[in-house]
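Notes for the structure review
What follows is the residue order along each chain.
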Amino acid sequence: MHCPRRPAMPNTLAQRLHVDYPIFLAPMAGEAAKAPLVAAVSNAGGLGVLGAGYMSPDRLLATIAEIRSLTSRPFGVNLFVMAPGERSSAGVDTMRQALARYHAELGIAPPTLPASLEENYEAQMEAVLSAGVAAFSFTFGVPSAQHIDALKAGGVCVMGTATTVDEAIELERHGVDAVVAQGAEAGGHRGTFLTDDFQGAMIGTMALVPQVADAVRLPVVAAGGIADRRGVRAALALGASAVSVGTAFLSTIESGVSDAYKLTLTGPASRHTGVTRVFSGRPARGVRNRFMDEMRAFEVSAPAYPVANALTRDMRAAASRQGRPEFLSLWAGQSAPLSRNCSVAQLMEELREGLSQSDLPLTREAR
Ligand SMILES: Cc1cc2nc3c(=O)[nH]c(=O)nc-3n(C[C@H](O)[C@H](O)[C@H](O)COP(=O)(O)O)c2cc1C
């Protein structure tokens, strides 16, 4: 469905992407990574971005084909950049013992470490390169120079995630086209990649965006805590060229997440989010639930990503089938209580209202 258009503000990042508005669907891998949501955001004049981190190359290509069947507008794809190599098994046995009681409660076989921990990143990247999408964004690291060059040679707009100023500078050095500044409010995994000090890299959007805008000569996309017109307006005032909105899209009609997830987001429980490693082995923000609370003792010792993620997969799948949100990773940001169960077009209309304050000191581009 196309919603009525109003004149778009001058914005070179939006122009470069051929989208009407500098409003992006934040990439969200997992349950939310479905074609209808991505296509609906693009159809409403924003940039839909598919979080394909957990997809096999075949599924990634099939989902891209499905998006193309739903929209002729530009969209992007996002991957987790993971260095290849051995994954440490430190902490696996202790974690398995801890998970056993939840498996028993869910009536499933005791936890085992699957043979396949993660998708093959190189193969995923080949799929992205072959698909000819408008934008590619990434998190957890930086793609090789060869991949960045190939993407750019194909006309793809390349955007990297930074959680600190140092990371933004590093991304600029690697030749990306735009930096996504992910504030500490953001839902889902932290993109932090230059430091093991995840706590030190928990910088709020309000503090991070202007610092990144000052530090790099690239367009900055603000992510984290933006859920309505006020957030959009604030992000632009801080120097962002565009916004990346995740959590607020999760509860829309077109979002493919479960009803239990949507109800949690629009209910009072979403006032309490926290950052945890116990679901995946990498810090991520989600609605606090029983698993997060009971597993607090494992925050430090849980195996690193993707090992812990693979270990908790069966539990999460069973919890999803059985409608047990207390064992699900309900990734959501601190703005989750602003969630509404509305259509994508309605949410886009709300967000677009934040673009119309043209008297604000806008972006480096607009200055
Ligand atoms: C359910 C969920 C899944 C996410 N998955 C990804 C992902 O696959 N890749 C990525 O770069 N960021 C991911 N993120 C982070 C978002 O792209 C973005 O930084 C965040 O949603 C912005 O904050 P907000 O949730 O407050 O809007 C995810 C966030 C959520 C809520």
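Here's a quick rundown of the structure. (Residues numbered from 1 in each chain as written. Predicted model: local features only at pLDDT ≥ 70, side-chain atom pairs only at ≥ 80, totals over all residues. Heavy atoms only, no water.)

Assigned secondary structure in the protein chain consists of 15 helices and eleven strands. The C-alpha atoms of the protein chain give 19 Å as radius of gyration, which agrees with the globular expectation for 367 residues (21 Å, within 12%). Counting only C-alpha atoms and orienting by the principal axes, one finds that the protein chain spans roughly 55 × 45 × 40 Å. Buried residues in the protein chain amount to 56% of all 367 residues. Long-range contacts, defined as pairs at least 24 residues apart, comprise 69% of the intrachain contacts of the protein chain with a sequence gap of at least 6. Carbon together with sulfur atoms contributes 52% to the accessible area of the protein chain, which is approximately 14,700 Å² in total. Mean positive and mean negative side-chain charge positions of the protein chain (33 and 34 charges, respectively) differ by 4 Å. (Helix = DSSP H or I, 4+ residues; strand = E, 2+ residues; numbered from the N terminus. Rg over C-alpha atoms; globule rule 2.2 N^0.38 Å. Buried < 20%, exposed > 50% of the residue type's maximum accessible area, 1.4 Å probe, protein only. Contact = heavy atoms within 4.5 Å. Areas by Shrake-Rupley, 256 points an atom, 1.4 Å probe, with all protein chains shown as cover. Lys, Arg positive; Asp, Glu negative; His and termini not counted. Charge placed at Lys NZ, Arg CZ, Asp CG, Glu CD.)

This part is about the sheet that holds strand β11 (residues 284–287). As summarised here, the arrangement of the three strands in space is β7-β11-β10, forming an open sheet in which the pairing is antiparallel. Edge positions in the open sheet fall to β7 (188–189) and β10 (273–276), since each of these has one partner strand only. (Pairing = 2+ DSSP bridges.)

Time to look at the layout of surface pockets. Estimated volume of the second largest pocket: approximately 440 Å³. In terms of lining residues, the second largest pocket is bounded by 21 residues, among which M82, D196, F198, R282 and Y305 are the most central. Along the lines of polarity and charge, the residues of the lining of the second largest pocket split into eleven nonpolar, five polar and five charged. (1 Å grid on protein atoms, 1.4 Å probe; cavity = no way out; pocket = protein on both sides within 12 Å on 5 of 7 lines; lining within 4 Å. Points joined across faces, edges and corners; volume = space filled by probe spheres on them. Nonpolar A, V, L, I, M, F, W, Y, C, P; charged D, E, K, R; others polar.)

Before going further, it helps to examine the site of the ligand. Around the ligand, a shell composed of 20 residues is seen, among which P27, N78, G225, G246 and T247 lie nearest. In this structure, an oxygen atom belonging to the ligand sits 2.8 Å away from a main-chain N or O atom of G225. Surface burial for the ligand is 96%, taken as the share of its 600 Å² of free accessible area covered by protein chains. For the shell around the ligand, the residue count by class is ten nonpolar, ten polar and no charged. (Near = heavy atom within 4 Å. Polar contact = N/O pair within 3.5 Å; in protein donor to acceptor, adjacent residues only side chain to side chain.)

Let us now look at the side chain of T247. Here T247 is to be found in helix α10 (residues 247–250). Take T247: its relative accessible area is 9%, and that puts it in the buried class. The contacts of T247, once residues within four sequence positions are left out, are M28, G187, L265, A332, G333, A336 and S339.

This part covers the pairing of strand β4 (residues 135–139). A regular strand places its side chains so that they alternate between the two faces of the sheet. With five of its five residues buried, β4 lies for the most part within the structure. Covered by surrounding structure in β4 are A135, S137 and T139 together with F136 and F138, the residues of both alternating faces. Inspection of the sheet shows strand β3 (residues 75–80) paired to β4 by five bridges, in the parallel sense. When the sheet's bridge partners are listed, F80 is paired in β4 with T139. The sheet contact formed by β4 and strand β5 (residues 157–162) spans four bridges and is parallel. Opposite F138, over in β5, you have G160 as the bridge partner. Where the polypeptide runs from β4 across helix α6 (residues 145–153) and back to β5, its parallel neighbour, the crossover connection is right-handed. (Right-handed = clockwise from strand over helix to strand, strands pointing away.)

What follows covers the pattern of salt bridges. In the structure shown here, the tally under the stated rule is 14 salt bridges. With a closest N to O distance of 3.2 Å, D293 and R296 form a salt bridge. The class of D293 is partly exposed, set by a relative accessible area of 34%. What you see here is one network of salt bridges that share partners, running through R101, E105, R290, E294, R324 and E326. (Salt bridge = Lys/Arg side-chain N within 4 Å of Asp/Glu carboxyl O.)

Structurally, G187 can be placed in the loop between β6 (178–182) and β7. Counting along the chain gives 60 residues from G187 to T247, while the straight-line C-alpha distance between them is 6.3 Å.

What follows concerns the side chain of Q182. Inspection of the secondary structure assignment puts Q182 in strand β6. In this structure Q182 comes out as buried when scored by relative accessible area, which is 10%. A distance of 3.1 Å separates the side chain of Q182 from the backbone oxygen of H189, its partner in a polar contact. Within polar-contact distance, the side chain of Q182 engages the backbone nitrogen of G191 at 2.8 Å. For Q182, the contacting residues outside a window of four places in its chain are T161, A162, T163, G187, H189, R190, G191, I203, L208 and A223.

With that settled, consider the packing of helix α5 (residues 121–131) against α6. Describing two packed helices takes the angle between their axes plus the distance from one axis to the other. Between α5 and α6, the shortest axis-to-axis distance is 10 Å and the interhelical angle comes to 15°. When the axis of α5 is compared with that of α6, the two are roughly parallel. Seen along the crossing, α5 lies across α6 with a hand that is left-handed. Note on element contacts: α6 touches α5 through H147, A150 and L151, opposite Y121, E122, M125, E126, V128 and L129. (Axes fitted to C-alpha atoms, helices over the stretch in contact; angles between N-to-C directions. Parallel < 35°, antiparallel > 145°, perpendicular 65-115°, else oblique. Left-handed = near helix turned anticlockwise from the far one by under 90°.)

Turning our eyes to something else, we now look at unusual backbone geometry. For the bond from Y305 to P306, the omega torsion is 5°, close enough to zero to count as cis. One can find P306 in the loop between α12 (290–294) and α13 (307–311). One non-glycine residue with positive phi stands out, namely H18, at about 60°. Considering the arrangement of structural elements, one finds H18 in the loop between α1 (12–17) and β1 (23–25). In this model, F140 sits at a positive phi of 80°, which is unusual for a non-glycine residue. Mapped onto the fold, F140 is located in the loop between β4 and α6. The buried category is assigned to F140, whose relative accessible area is 7%.

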